[in-house]
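Report on the structure
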Amino acid sequence: MTDRNNKNRGAAGGEKPADVRFVRVPSIAERKLGTDYVAPMRLDPRVLEQMQTTIKGLEARYGDTLRDQVRTLLTLVEPACGGDTEARGRLYAIVHDMRGLAGTFGHPMVGRFANSLCSYVESAGMDAWRDDTVFRFHIDAIREALDSPGADPAITLETLNALQKLIAASAAERRRMG
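Definitions and limits used
Residues numbered from 1 in each chain as written. Predicted model: local features only at pLDDT ≥ 70, side-chain atom pairs only at ≥ 80, totals over all residues. Heavy atoms only, no water. Helix = DSSP H or I, 4+ residues; strand = E, 2+ residues; numbered from the N terminus. Buried < 20%, exposed > 50% of the residue type's maximum accessible area, 1.4 Å probe, protein only. Contact = heavy atoms within 4.5 Å. Areas by Shrake-Rupley, 256 points an atom, 1.4 Å probe, with all protein chains shown as cover. pLDDT = per-residue confidence, 0-100. Patch = residues over 30% accessible without salt bridge, like charges linked within 9 Å, V, L, I, M, F, W, Y side chains within 5 Å. Salt bridge = Lys/Arg side-chain N within 4 Å of Asp/Glu carboxyl O. Axes fitted to C-alpha atoms, helices over the stretch in contact; angles between N-to-C directions. Parallel < 35°, antiparallel > 145°, perpendicular 65-115°, else oblique. Expected span 1.5 Å × (residues − 1). Polar contact = N/O pair within 3.5 Å; in protein donor to acceptor, adjacent residues only side chain to side chain.

**Considerations on the overall build of the chain**
- Each helix and strand in the chain was counted, giving seven helices and zero strands.
- Ordered by position in the sequence, the α and β elements of the chain form the string α-α-α-α-α-α-α.
- Burial analysis of the chain (178 residues in total) assigns 31% to the buried set.
- Across the chain, every contact between residues at least 6 apart in sequence was considered, and the portion connecting residues at least 24 apart equals 62%.
- Accessible surface for the chain amounts to roughly 12,000 Å². Of this, 55% is attributable to carbon and sulfur atoms.

**Observations regarding the confidence of the model for the chain**
- Looking at the chain, the pLDDT average stands at 83 and 76% of residues meet or exceed 70.
- Segment residues 1-11: pLDDT under 50, and four contacts once partners within four positions in sequence are set aside and those in other chains are kept.

**A few points about a nonpolar patch on the surface**
- A contiguous nonpolar patch, built from L43, V47 and M51 and spanning about 220 Å² of accessible area, is present on the exposed surface.
- With respect to the helices, strands and loops of the structure, M51 is situated in helix α3 (residues 45-81).
- Assessed through its relative accessible area of 31%, M51 is described here as partly exposed.

**Focus: the packing of helix α5 (residues 108-124) against helix α7 (residues 153-177)**
- Where α5 contacts α7, the two axes come as close as 11 Å, and the packing angle between them is 10°. With respect to α7, the element α5 is oriented roughly parallel. Facing M109, R112, F113, S116, Y120 and A124 of α5, the residues of α7 in contact are T156, L157, T159, L160, L163, Q164, I167, S170 and R174.

**Quick notes on the pattern of salt bridges**
- Summed over the entire model, instances satisfying the criterion amount to six salt bridges.
- For R136, the salt bridge goes to D132, with nearest N and O atoms at 2.9 Å.
- On the accessibility criterion, R136 (29% relative accessible area) is partly exposed.

**Some thoughts on α7**
- Taking 1.5 Å of rise per residue, the 25 residues of α7 would be expected to cover 36 Å, and the 36 Å separating its terminal C-alpha atoms lies within 8% of that figure.
- For α7, the set of buried residues is T156, L160, L163, I167, S170, A171 and R174.
- Turning to α7, the residues buried within the fold contact α5 and α6 (133-147).
- Measuring from the backbone nitrogen of A154 back to the side-chain oxygen at the start of α7 gives 3.0 Å, which picks out D152 as the cap.

Here you go:
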């Protein structure tokens, strides 16, 4: 019996037809642009496929870029926390880029760790630069996420929680010190 006959039989026989749900998996581009984004015209599926292929190619090389950025961050921490405003600007710019790009290119935990560090700098302001501990622990977490991409998600989330506790302790210390 065909689907059409099933529908007719269900309606004629008083039975309610089975609920049918279509699940559409968003493309990489759609995930990045958000679910509320409406394109001015429908993209040709071949163009969308080419975009996804390009993004996958960039994703394969982005891990090396992140490793280079981690090395740069490690050299910037000491001068940034020592008062060098140029080093502060460079460090924050790199971490901010990581926050925005890492998830897109297959490194979601790097993005979450970078987001945590950016949020710390944004909320603590100039006080964030008094101590390098929060920076070093975040950079170590980013490096570990890169070196162990298949790590247990529970451990990675626990690391993120530990970083949040470190930030809270740092904030409490700043309040105590006045």
